[in-house]
Every structure is written in C-alpha cells, then in structure tokens.
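# Inside the fold
Each chain, written out:
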Amino acid sequence: MKRMPFIAGNWKMNKTVSESIDLIKQLKADLSRVEGVEVAVAPPFTALYAVRKELEGSPIQLAAQNLFWEEKGAFTGEIAPTMLKELGCHYVILGHSERRQFFGETDETVNRKTRATLKQGLKVIFCIGETLKEREAGKTFAVIQRQVTGGLKDISKEEMRSVVVAYEPVWSIGTGKTATPEQAEEVHRFIRKKLEELYSREIAEGVRIQYGGSVTPENVKGLMGQENIDGALVGGASLKSETFSKIVRFKEM
Ligand code: PGA
C-alpha cells in the first residue's frame, strides 16, 4: 500500500494574526501547484479563524496545536474539540513533547485528548519521542512502546485510520540535531510493528508516521527516502514560506 506523504507545519507560539495571514498568503502562492503530498499548517489558536478564511478553496489543511477533552463547561482558558471542528480544523496535534515537558501532559492526558478529538471526527497528529537521557540509557524503544500503548489506549481500529503518528526525538527538536535517516527509520519501523500488534497489519500499513525534529529543506529528502517515514512535522522551518514550501516539494529537491 502506498501512503500519501504528509507534511505539517507546527507554528508553535509564533505569529500574530496579521503575521499569520502574511505567511499563509505566501504559502498558498508558493504551493499552488504541488500534488501528491498532503499539507497542513498549525497556527496558534488566535490565528486559526483568520488562516481558515485565507485557506478557503485551498488544499492546505488546518490543524490546532492542542485542545481539552471536555465538551464544554467551566474550564477557564481551555478549548473544546467542537470549537475546533466548527472552525474548520482537520487535525489536532496532541502529545507534543513541549506539552509533555512544560505543561505536565502524560500518556493518560494525551489519551483522553486523543479519544475526545477522534470522537468529534477530527484527525490527530499523535506525537511521541524519547529524550536524550532516555536514548543514552538505551530506553528509546521502551519509551516509545509506553507512549504508543498508553496514548492510544481504547482507540478503535476504525478510529486509528484518522491518526497520524509523529515520531519526534526530543533531543532533535529545535536543536539542529536531526536524527539520521537510519536512526529515524529504526524507530519508525518499531512503531509500525507495535501498531500491527495492537491493531492489524492492514491498519499498521495504512498509518502515516511523520518524523519531526530539525527538519530542513536540506535533510528532508534523505528522511523521506526511508521506507517507514511518511512525512514530516516541521517547527522552525515552517515559519517561513521559503523553507516550508521547499520541504513540501521534497520530491523536486
Ligand atoms: P523543529 O520542531 O522543526 O523546530 O525542530 C519540530 C516540532 O517540534 O514539531
């Protein structure tokens, strides 16, 4: 089965509304003729509405960077799945290492968010990855296994078709230290094997697994050349159309 490559830009806590509009206009122009690759951008919450309006009629999809699992109520400062759905979001990034590291997210909270998101018919970019300390201690596969089984607990086979996994080794995020294509492929293969054990061969073969961590126009092609790397989750290099559109056009590089 051939998986459609999927490149997503995670803008993190960057870009005001006006800056977001400038960036998306440029991206639309730079990506107007790209085919055979799915593209999404994840602006901050405050810019989602404006970006969605700019994206009308464009194949570029919209993603949010987080949400809260409850449907509504007294949860000051939080955003519900239905709010993002009405806004026109297609994807929600969940379990990003920055959320785990700075905002106390655990496999359990990531799982609750994942279930709530899928229940609303939204798709999930489900992030996992080991820290440098864990890698050096030889715990990479144990950590990945724990994150996959914990984070995807009670997610059905059918729902799993709406999940994209993003493998992002924490030591490579924002550091300029990309995993080598071989290092990444080893973990991606492991993740696919786990998905096969948890679901089925067919499901595992269909799930896209993105790599994330210092992806640039220079290293994307090598990563995408690996059998089990189906896309990229891009942080820093997604903040400029020039670099992000080059990553999306990796086939032409
Ligand atoms: P980076 O971020 O590309 O800036 O390393 C990736 C991510 O955190 O998704």
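Preceding block: the structure.
Residues numbered from 1 in each chain as written. Predicted model: local features only at pLDDT ≥ 70, side-chain atom pairs only at ≥ 80, totals over all residues. Heavy atoms only, no water.

What follows concerns the nonpolar core. Counting residues in each nonpolar core, the largest one holds 62 residues, and the members touching the most others are Val-41 and Leu-195. A per-element tally of this core places helix H9 (residues 181–198) first, with 5 residues. Setting aside residues no more than four positions away along its own chain, Val-41 makes contact with Gly-9, Trp-11, Ile-24, Leu-27, Val-51, Leu-55, Ile-60, Gln-61, Leu-62, Ala-63 and Phe-244. (Core = buried A, V, L, I, M, F, W, Y, C linked by side-chain atoms within 4.5 Å. Buried < 20%, exposed > 50% of the residue type's maximum accessible area, 1.4 Å probe, protein only. Helix = DSSP H or I, 4+ residues; strand = E, 2+ residues; numbered from the N terminus. Contact = heavy atoms within 4.5 Å.)

Quick look at the site of the ligand now. Around the ligand sit 13 residues in total, of which Lys-12, His-96, Glu-168, Gly-174 and Ser-214 are the nearest. A distance of 2.6 Å separates an oxygen atom of the ligand from a polar atom in the backbone of Gly-174. Interatomic distance of 2.8 Å between a backbone N/O atom of Gly-235 and an oxygen atom of the ligand. In isolation the ligand has 280 Å² of accessible area, and contact with the protein removes 95% of it. One can see that the ligand is located within the second largest pocket. (Near = heavy atom within 4 Å. Polar contact = N/O pair within 3.5 Å; in protein donor to acceptor, adjacent residues only side chain to side chain. Areas by Shrake-Rupley, 256 points an atom, 1.4 Å probe, with all protein chains shown as cover. 1 Å grid on protein atoms, 1.4 Å probe; cavity = no way out; pocket = protein on both sides within 12 Å on 5 of 7 lines; lining within 4 Å. Sits in = over half its atoms within 2 Å of the grid points.)

Space inside the largest pocket adds up to approximately 370 Å³. Lining the largest pocket are 14 residues, with Lys-12, Met-13, Gln-65, Arg-99 and Phe-103 positioned closest to its centre. Looking at the lining of the largest pocket, the element that brings in the most residues is helix H4 (residues 97–102), giving 3 residues. Classifying every residue of the lining of the largest pocket by side-chain character gives 7 nonpolar, 4 polar and 3 charged. Approximately 230 Å³ is the volume attributed to the second largest pocket. Taken together, 20 residues make up the lining of the second largest pocket; nearest its centre are Lys-12, Gly-174, Ser-214, Gly-235 and Gly-236. For the lining of the second largest pocket, a count of residues per class yields 7 nonpolar, 11 polar and 2 charged. (Points joined across faces, edges and corners; volume = space filled by probe spheres on them. Nonpolar A, V, L, I, M, F, W, Y, C, P; charged D, E, K, R; others polar.)

All right, on to the packing of helix H5 (residues 107–119) against helix H7 (residues 140–151) then. Between two packed helices, what matters for the description is the angle formed by their axes and the separation of those axes. With their axes 8 Å apart at the nearest point, H5 and H7 run at an angle of 40° to one another. On the basis of their axis angle, the class for H5 and H7 is oblique. Relative to H7, the crossing made by H5 is right-handed. Residues Asp-107, Asn-111 and Thr-114 of H5 form the contact with H7, whose participating residues are Arg-146, Gln-147, Gly-150 and Gly-151. Among the residues making up the contact of H5 with H7, the classes are represented as no nonpolar, 5 polar and 2 charged. (Axes fitted to C-alpha atoms, helices over the stretch in contact; angles between N-to-C directions. Parallel < 35°, antiparallel > 145°, perpendicular 65-115°, else oblique. Left-handed = near helix turned anticlockwise from the far one by under 90°.)

Okay, the packing of aromatic side chains next. The final tally for this structure, using the stated rule, is 6 aromatic pairs. Their ring planes at 85° and their centres at 6.5 Å tell us that Phe-102 and Phe-103 sit as a pair that is edge-to-face. The exposure classification of Phe-102 matches that of Phe-103, with both residues exposed. Each member of the aromatic cluster is reached from another via a ring pair, and the members are Phe-68, Trp-69 and Phe-75. (Phe/Tyr/Trp six-rings, centres within 6.5 Å; stacked < 30°, edge-to-face > 60°.)

What follows covers the side chain of Arg-208. Residue position: Arg-208 is located in the loop between helix H10 (201–206) and strand S7 (209–212). Polar contacts involving the side chain of Arg-208 include one to the side chain of Glu-38, which spans 3.0 Å. If we ignore the near neighbours within four places in the chain, the residues touching Arg-208 are Arg-3, Met-4, Pro-5, Phe-6, Glu-38, Tyr-91, Val-164, Val-165 and Asp-230.

This brings us to the sheet that holds strand S3 (residues 61–64). The strand order around the closed barrel built from 8 strands is S1-S2-S3-S4-S5-S6-S7-S8, with neighbouring strands paired in parallel fashion. This sheet shows a mean twist of 25° between the axes of neighbouring strands, independent of strand direction. Of the strand pairs in this sheet, strand S5 (residues 123–128) and strand S6 (residues 163–167) are connected by 5 bridges, and their pairing is parallel. Looking at S6, one finds that Val-124 is bridged to Val-163. Its contacts with the sheet put helix H2 (residues 45–54) on strand S2 (38–42) and S3, and the angle it makes with S3 is roughly 165°. (Pairing = 2+ DSSP bridges.)

For the rest of this paragraph, the subject is helix H12 (residues 241–248). Those residues of H12 that fall on the buried side of the exposure criterion are Ser-241, Phe-244, Ser-245, Ile-247 and Val-248. Relative to the axis of H12, the buried residues are bounded by an arc of 155° and lie together on one face. Tucked inside the fold, the buried residues of H12 contact strand S1 (6–10), helix H1 (17–30), S2, helix H11 (220–224) and strand S8 (231–234). (Arc of directions from axis to C-beta.)

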